[in-house]
Amino acid sequence: MSRRLPEVGGVFLQMEDEIASMAAVIGASYAGIKSMTATSGPGFSLMQENIGLAVMTETPCVVVDVMRAGPSTGQPTKTSQQDVMQAKWGSHGDYEVIALTPSSVQEMFDLTIEAFNLSETYRCPVFIMTDEIVGHLMERLNIPEPEKIQLVERKRPTSPPSEYLPFRAGEDLVPEMATFGEGYRFYATGLTHDETGHPQTDSPDEHAKLVQRLCDKIRKNAGKIVKVERVFLDDADVCVIAYGSVARSALSAVVEGRERGAKIGLLRLVTLWPFPEEAVEQVAEQVDRIVVPEMNYGQLVREVERCAGRKKVTFLPKLGDALHTPGEIMAHVLH
Amino acid sequence: MSTAYHPLEDYTRRGMIPHIWCNGCGDGVILGEFLRALDEMKYDMNKLVVVSGIGCIGRISGYTHTDSFHTTHGRPLALAVGLKAARPDLKPIVISGDGDLFAIGGNHFIHAARRNLDTTVICSNNFNYGMTGGQSGPTTPIDAYTTTTRYGNIEHPFNLVHLAAASGAIYVARWTAIHVKRIRESIKKAVNKKGFSFIEVITPCPEEYGRRNKIPDPIENMKWLREVSVVRSFIDPIEAVVQPDKIVVGEFVDIEKPEFSDLLWEKTRSIQAMLEKEGKVTNVTI
């Protein structure tokens, strides 16, 4: 990005730490441009403070986390899917975010555009939760003509500065966003605030109203945000639910299983947060068993269990810089 | 019927005054002098963004009728870097406390100064964390009593003007809350400079710091600052001491240096020009 951004009229900054990176991303977004940062596990931990600020100030921005093995410094540059819960719960307080998880180089490209579009639509940070395997993958990539790429811009104020209420939202729960330097002279704060943006630190009602809106603008639009891919699920008895690079192994396992006559299918999660509850509930009604392979010691499987009712969910962990092989997933499915 | 009108009314945000600051606090002096400076300069208020951190003075971004951002603790300068990189035509003014800028935000301070970010940093230094109950911080003098130094502080404090100068600031000054006119003149000078300017304002905190250090009375605090302050402009900032019996104030640095956002965008423009010359089409333009 350091090489590419100036070539296309942008700028790239190397900040002093990831706390500063996330703060700078917010500052740039309020100045009216699209901004993003990229990191790995420990850096993602440092960003959590200002991710909370981005949520509270409804800042459109994108964060890429190439997940590696933790806790702490763990295994630098070794693959994992250990930050998927951090993406949802990493900063303090109640909030909702959007997190996408690419499985290929093509999806890395497509979902980056999607992430910016979602962040501009819902005025929230959007995460691209990928892993080291996808991060270092080299494969075919089709870049569409620029005019064929659909870009979404944040809603701009429709009222003059004297009447502008920076945090008043209509039915879609997303406020119009002015840009610094345009004469709106508005105030953004990490404190609980009302529609004018003024602090409301003593009002339980204002706090409830704000936090509910920040969450509901994502929750109530989950149907529009969530994306999954269904493979061989129509007549499946067993469903593998996977995401990221693990989904590629899972797909091989499913294809191979089908060739051997096993009725298995794959539900690939493209969106991690908001969690694809409906898709998992649907599949749970249909199949006898759900298998969840993850490169961690049990994270998103908890969400699957929550949505699977009484259906049997089995978990297949993988730790220590290794991807599940299709054979391992297959053996687990047939077990 | 006539209504009372404050000459700075247009510069303050409607519905946000009165402020939260205690009687005798110097934060009001900083707010007043900052706004008077802008008024005297006839500064374009649409080209200025006030960014603050957490603490008593952190609330100032809500009081100024400007575009303003009240950030997380210690992070106003980091946010200002992104703001300035995106919109070089805007001037971020960072107004925050000694704890915010030099403890939790210390790293961002030295790096923003090193970059020569075009900003004016006004630091309200009250020697402690006033808002959260008077804990010690990076500027608490040796032997001073705070809620977390019950037997007297044993840690060496930062000399902020020395730190700012060593980090690369192009303008550095220190005043106290009694030097109202000097503060205003320094702000005017600093805001007009292109690069990282720093003004420390030593501020009484009668409620928290004063009560624990035998100066609980607001007037006594002001008298103390008047008695111990000596103007020694352009001496080596390392010698500009802050002691109970002597506070050296004045201007200590006033130089010129290429600025961060200018250099950043110059680079992008030169790369764009080079690509155009080579006939390579770029698909995005700003």
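Residues numbered from 1 in each chain as written. Chains lettered and ligands numbered in written order. Predicted model: local features only at pLDDT ≥ 70, side-chain atom pairs only at ≥ 80, totals over all residues.

Asks: Explain the packing of helix α3 (residues 76-86) of chain B against helix α5 (residues 106-115) of chain B here, please?
Replies: Pairs of packed helices are described in terms of their axes, by the angle between the two and the distance that separates them. Residues and elements named next belong to chain B. At a minimum axis distance of 8 Å, the contact between α3 and α5 shows a crossing angle of 35 degrees. Contacts from L77, A78 and V81 in α3 reach H108, F109 and A112 in α5. A class-by-class count of the residues in the contact of α3 with α5 yields five nonpolar, one polar and no charged. (Axes fitted to C-alpha atoms, helices over the stretch in contact; angles between N-to-C directions. Helix = DSSP H or I, 4+ residues; strand = E, 2+ residues; numbered from the N terminus. Contact = placed C-beta atoms within 7 Å. Nonpolar A, V, L, I, M, F, W, Y, C, P; charged D, E, K, R; others polar.)

Asks: Explain the sheet that holds strand β9 (residues 264-269) of chain A here, please?
Replies: One key point about sheets: their strands pair by backbone hydrogen bonds, in either a parallel or an antiparallel sense. Residue and element names in this part refer to chain A. With mixed pairing, the five strands of this open sheet are ordered in space as β7-β9-β8-β11-β12. Each of the sheet's edge strands pairs with one partner strand only, and the pair in question is β7 (228-231) and β12 (312-317). Adjacent strand axes in the sheet meet at a mean angle of 20 degrees, parallel and antiparallel pairs treated alike. Pairing between strand β8 (residues 238-242) and β9: five bridges, direction parallel. Residue pairing in the sheet places C239 in a bridge with G265 of β9. (Pairing = 2+ DSSP bridges.)

Asks: What's the story with the interface of chain B and chain A in this structure? I'm lost.
Replies: Residue-level contacts link 44 residues of chain B with 40 residues of chain A. The set of elements that each furnish at least two residues to the side of chain B that touches chain A consists of α2 (60-63), β2 (67-70), α3, α5 and α10 (260-277) of chain B. For the side of chain B that touches chain A, the leading source of residues is α3 of chain B, giving eight residues. Where strand β6 (residues 187-189) of chain A meets β2 of chain B, three bridges bridge the pair, whose relative direction is parallel. When the sheet's bridge partners are listed, A188 of chain A is paired in β2 of chain B with F69 of chain B.

Asks: I tried to follow the domain arrangement of chain A on my own but got confused; where do I start?
Replies: As a measure of interface size, the accessible area lost when the parts come together is often cited. Residues and elements named next belong to chain A. Structurally, chain A comprises domain 1 (1-225) and domain 2 (227-334). The centre of domain 1, based on its C-alpha atoms, is set 28 Å off from the matching centre of domain 2. Between domain 1 and domain 2, the contact holds 27 residues from the first and 21 residues from the second. Elements supplying a minimum of two residues to the side of domain 1 that touches domain 2: β3 (75-79), α4 (84-89), β4 (98-100), β5 (125-131), α6 (132-135), α7 (204-219) and α8 (222-225). Counted by class, the side of domain 1 that touches domain 2 contains 14 nonpolar, eight polar and five charged residues. (Domains from an automatic or database assignment.)

Asks: What's the story with the environment of E208 of chain B in this structure? I'm lost.
Replies: Residue and element names in this part refer to chain B. One can find E208 in helix α8 (residues 206-212). The exposure class of E208 is buried, given the 24 C-beta atoms found within 10 Å. In sequence terms E208 and G134 are 74 residues apart; their C-alpha atoms lie 5.0 Å from each other. If we ignore the near neighbours within four places in the chain, the residues touching E208 are N128, G130, G133 and G134. (Buried ≥ 20, exposed ≤ 12 C-beta atoms within 10 Å, placed from the backbone.)

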